[in-house]
Amino acid sequence: MAAAAAAAGLQPPSVANELAMAMIEGAAGDDDAPAPVRAAKRLKKAASLNALSTSLVTDEEYSAHDVFHHQQLALAAAENPMAQLAQQQPDLAGILQQMNQNLGQINGRLANLELGMQNVNARQHNSTCYKDDDPLLPLHTAAGVAPDFPPTRGQLATLGNNKIAALLAFYGVPAHADDDAAASRRLNFQLFIGVRL
């Protein structure tokens, strides 16, 4: 750190003598402690030095050395930004992973909303179909559209019991106790897709 400071043009301040310099260096050397703890230790050591001899360390010398020490720390931090980034990388990777999970959930919700809107539009359209040749719009699921969805209201009326049961199962419409009869299943499916009676 001293070589980097010298290369950057930073010079340690002069003090009254070498003993005072060694004591100040010792006061500034505990870089692992939090900043308030380091500052308190330096002030305590400087006060101890001044108690020994009033001419040993002046306030100006101590302040100048403290500024120099912080400049050295800032220079060391600026010289190695890649090490700081490497220390932050696990945190950033976790944050990125969480963001990707959240984005996946949001995309799933948006897809469900889009399907819901398509189905609302299809049901609204189907509710206006009264003639046998009126086209029906199929409802959508994440799996797509039912392959045997009737294209017209007339074809809906002619679907057999097995095809109605398959359509109800495809769309996940729960069966009721009285759904054994073909007419009941057909009515259940018509109401589900929005066809009015």
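Residues numbered from 1 in each chain as written. Predicted model: local features only at pLDDT ≥ 70, side-chain atom pairs only at ≥ 80, totals over all residues. Heavy atoms only, no water.

### A look at the overall build of the chain
Logical step 1: Of regular secondary structure, the chain possesses 8 helices and 2 strands.
Logical step 2: When the helices and strands of the chain are listed from N to C terminus, the series reads α-α-α-α-α-β-β-α-α-α.
Logical step 3: When burial is assessed residue by residue, the chain has 27% of its 197 residues classed as buried.
Logical step 4: Of the roughly 12,500 Å² of accessible surface on the chain, 60% is carried by carbon and sulfur atoms. (Helix = DSSP H or I, 4+ residues; strand = E, 2+ residues; numbered from the N terminus. Buried < 20%, exposed > 50% of the residue type's maximum accessible area, 1.4 Å probe, protein only. Areas by Shrake-Rupley, 256 points an atom, 1.4 Å probe, with all protein chains shown as cover.)

### A look at the environment of Thr-152
Logical step 1: In this fold, Thr-152 is placed in the loop between strand 2 (144-145) and helix 6 (153-158).
Logical step 2: Once residues lying within four places of it in the same chain are set aside, the contact partners of Thr-152 are Asp-132, Asp-133, Asp-134, Pro-135 and Leu-136. (Contact = heavy atoms within 4.5 Å.)

### Re the nonpolar core
One recurring pattern in soluble globular proteins: nonpolar side chains tend to sit buried together.
Logical step 1: Counting residues in each nonpolar core, the largest one holds 16 residues, and the members touching the most others are Leu-136, Phe-149, Leu-156, Tyr-171, Phe-189 and Ile-193.
Logical step 2: At the level of secondary structure, the elements contributing two or more residues to this core comprise helix 7 (161-171) and helix 8 (182-193).
Logical step 3: For this core, the element with the most residues is helix 7, which contributes 4 residues.
Logical step 4: Setting aside its immediate chain neighbours within four residues, Ile-193 contacts Ala-122, Arg-123, Asn-126, Leu-136, Leu-139, Phe-149 and Leu-156. (Core = buried A, V, L, I, M, F, W, Y, C linked by side-chain atoms within 4.5 Å.)

### Some details on the packing of helix 7 against helix 8
Logical step 1: Viewed as axis vectors pointing N to C, helix 7 and helix 8 meet at an angle of 40°, and their least axial separation amounts to 9 Å. With respect to helix 8, the axis of helix 7 lies oblique. Crossing angle aside, the handedness with which helix 7 passes helix 8 is left-handed. Across the interface between the two elements, Asn-161, Ile-164, Ala-165, Leu-167, Leu-168 and Tyr-171 from helix 7 touch Ala-182, Arg-185, Arg-186, Asn-188, Phe-189 and Phe-192 from helix 8.
Logical step 2: Considering only residue class, the contact of helix 7 with helix 8 consists of 8 nonpolar, 2 polar and 2 charged. (Axes fitted to C-alpha atoms, helices over the stretch in contact; angles between N-to-C directions. Parallel < 35°, antiparallel > 145°, perpendicular 65-115°, else oblique. Left-handed = near helix turned anticlockwise from the far one by under 90°. Nonpolar A, V, L, I, M, F, W, Y, C, P; charged D, E, K, R; others polar.)

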